[in-house]
Amino acid sequence: MEPEPVAPVETPVVAIRARPKAPSHCERAIDHVLVIMQPAIDSDARLRDRQQLLREAAVDGCLTTGWATEVLDCYDEVADMSAFGTCFAKLTDDQRNDFNQRMADTMKQPVP
């Protein structure tokens, strides 16, 4: 006698909804700076056309060179562009040089 065929069992598909990744402290600080700078960016076509590239370069530099929490907190708290220099001075020489080079390189790129 042959065994009765067994119906295949279907494995239920479970959709796991990934939570959106929260922005890093670098991203939050750079985005805050960009909000403050927006009027200046809007008035300069070279900056306006490269805004996303400049953001990406700044965030990458922040993450790569490991900006200190003190620096990021400083940028989080600035209310206008006149305070940027205080925060920038808190970066190490290497971090400042890296940032300046990234911005210069980005400004040389063709407009996307």
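So, how was this worked out
Residues numbered from 1 in each chain as written. Predicted model: local features only at pLDDT ≥ 70, side-chain atom pairs only at ≥ 80, totals over all residues. Heavy atoms only, no water. Disulfide = S-S within 2.5 Å. Helix = DSSP H or I, 4+ residues; strand = E, 2+ residues; numbered from the N terminus. Buried < 20%, exposed > 50% of the residue type's maximum accessible area, 1.4 Å probe, protein only. Contact = heavy atoms within 4.5 Å. 1 Å grid on protein atoms, 1.4 Å probe; cavity = no way out; pocket = protein on both sides within 12 Å on 5 of 7 lines; lining within 4 Å. Points joined across faces, edges and corners; volume = space filled by probe spheres on them. Nonpolar A, V, L, I, M, F, W, Y, C, P; charged D, E, K, R; others polar.

Turning our attention to the state of the cysteines. A complete count under the given rule lists two disulfides for this structure. There is a disulfide in this structure between Cys74 and Cys87, and the S-S distance comes to 2.1 Å. Disulfide Cys74-Cys87: torsion about the S-S bond near -80°, hence left-handed. Here Cys74 is found in helix 4 (residues 69-77), whereas its partner Cys87 is found in helix 5 (residues 84-88), with 13 residues between them in sequence. A relative accessible area of 13% means that Cys74 is categorised as buried. For Cys87, a relative accessible area of 0% puts it in the buried group. Here the protein chain pairs its bonded cysteines, counted in sequence order, in the arrangement 1-2, 3-4.

The next point concerns the environment of Cys87. Measuring from C-alpha to C-alpha, the distance between Cys87 and Val71 comes to 5.8 Å, with 16 residues separating the pair along the chain. For Cys87, the contacting residues outside a window of four places in its chain are Val71, Cys74, Tyr75 and Val78.

Following the sequence through the fold, Arg55 ends up in helix 3 (residues 51-65). If sequence neighbours within four positions are ignored, Arg55 has contacts with Glu27, Ile30, Asp31 and Leu34.

Here we take up the layout of surface pockets. The gaps of empty space that remain are located by a probe, the size of a water molecule, rolled over the atoms. By volume, the largest pocket amounts to about 330 Å³. Taken together, 17 residues line the largest pocket, and the ones lying closest to its centre are Val33, Leu34, Met37, Phe99 and Met103. Residue assignment for the lining of the largest pocket shows that the elements contributing at least two residues are helix 1 (25-42), helix 3, helix 5 and helix 6 (93-108). Among the elements that make up the lining of the largest pocket, the one with the highest residue count is helix 1 (six residues). Grouping the amino acids of the lining of the largest pocket by side-chain chemistry returns 15 nonpolar, one polar and one charged.

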